[in-house]
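Coordinate analysis (summary)
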Amino acid sequence: MVPILGRSLGATVDQPAAPRSRRLVTVLTGAGISTDSGIPDFRGPNGLWTKNPGTEKLFDIDAYLADPEVRHRSWLARRRNPAWGAEPNAAHRALVDLEHQGLLRGLVTQNIDRLHQKAGSSPDLVLELHGNMVEAVCVSCGARSRTADALDRVDAGEADPRCLVCGGILKTATVMFGQPLDPAVLDAAVLAAMEADVFVAVGTSLTVHPAAGLCEVAVRNGAELLIVNADPTPYDHLAARLVREPIGVALPALVAELSR
Ligand code: ZN
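The rules behind these values
Residues numbered from 1 in each chain as written. Predicted model: local features only at pLDDT ≥ 70, side-chain atom pairs only at ≥ 80, totals over all residues. Heavy atoms only, no water. Core = buried A, V, L, I, M, F, W, Y, C linked by side-chain atoms within 4.5 Å. Buried < 20%, exposed > 50% of the residue type's maximum accessible area, 1.4 Å probe, protein only. Helix = DSSP H or I, 4+ residues; strand = E, 2+ residues; numbered from the N terminus. Contact = heavy atoms within 4.5 Å. Arc of directions from axis to C-beta. Donors = N, O, S within 2.8 Å, 3.2 Å for Na, K, Ca; no water. Tetrahedral: all angles 85-135°; square planar, octahedral: opposite > 155°, others 65-115°.

**Details of the nonpolar core**
Grouped together as the largest cluster of nonpolar side chains are 25 residues, with contacts concentrated most on Val-108, Leu-129, Phe-199, Leu-206, Leu-214, Cys-215 and Ile-227. With 5 residues, helix H7 (residues 183–194) is the largest single contributor of residues to this core. Leaving out residues up to four positions away in the same chain, Phe-199 has contacts with Thr-26, Leu-28, Ala-193, Leu-214, Cys-215, Ala-218, Ala-223, Glu-224, Leu-225 and Leu-226. Among the nonpolar cores identified, the runner-up in size contains 23 residues, and Val-27, Ala-91, Ala-94 and Leu-98 belong to it.

Right under this line is the structure:
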């Protein structure tokens, strides 16, 4: 099965779990963990897509590939993303502490902002389900480059900068709507969910699949589910605990509790 952004996980949820020897935590983070860093979420009251209807279409792969104007507007939207100058906040740092305690099994993120790595989380433990915005990739030859270089070319007057190797269409190394997730990254995320004793979902509305389905994978395999989010989610009924406090306060407290 090829996992597609926006569709549910299928048969991959029923694999047997690995044996457990320690109390391990897997964390799933969404846009809500980065709002304290000045990056608005997507669907909240001040969300990017709430305030700018139509922006979502700039990140639809079919529209992107078909229309140079969409690509140009997409690059301009990338450049406006406040993540470029953002710094990690207390919640990101709390997850670094969790790792230093030896308790972090995996850090699965829907965010493309690279703030977990910037905070100090080990790149080996961070699973970027939706890719990242720092790198660009050619859809024809797969060559990787820097998004910053593409944006420099846009600033210099190229509306639709092309791959310097083959001339193919260039995009950020993010998973757009309608695009498959990287199967290796998703498999690693499913394994991290299965092997967790505690699964913490932070700052995610749990409405985007297959990421949201990881909660169910974890619970089916015996994990305790904790949800830290301001608003209700479709998985609240599976949670052992719901935390509604601001993430920047709630997550450091939760990590301190898990570390005891
Ligand atoms: Zn290329």
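Read on for the rest.
**Some words on helix H6 (residues 147–155)**
Considered for burial, the residues of H6 that qualify are Thr-147, Ala-150, Leu-151, Arg-153 and Val-154. Down the axis, H6 shows its buried residues gathered within 155 degrees of arc, on one side only. In this structure, the buried residues of H6 make contact with helix H3 (68–80), strand E4 (131–138), strand E5 (144–146) and strand E6 (170–174). Trailing H6 by a residue or two, Gly-157 shows a phi angle of about 115 degrees, which is positive.

**Some thoughts on the coordination of the zinc ion**
The coordination sphere of the zinc ion, as far as protein atoms go, consists of Cys-138 (SG), Cys-141 (SG), Cys-163 (SG) and Cys-166 (SG), spread over 2.3 Å. Geometry at the zinc ion is tetrahedral, judged from its 4 donor atoms and the angles of 101 to 115 degrees they form at the metal. Sequence spacing among the residues donating to the zinc ion works out to C-x2-C-x21-C-x2-C. Residue Cys-138 is located in strand E4, and its partner Cys-163 is located in the loop between H6 and E6; the two are separated by 25 residues in the primary sequence. Taking the relative accessible area as the measure of exposure, Cys-138 reaches 3% and is therefore buried. Cys-163 gets classed as buried once you look at its relative accessible area, which sits at 7%.

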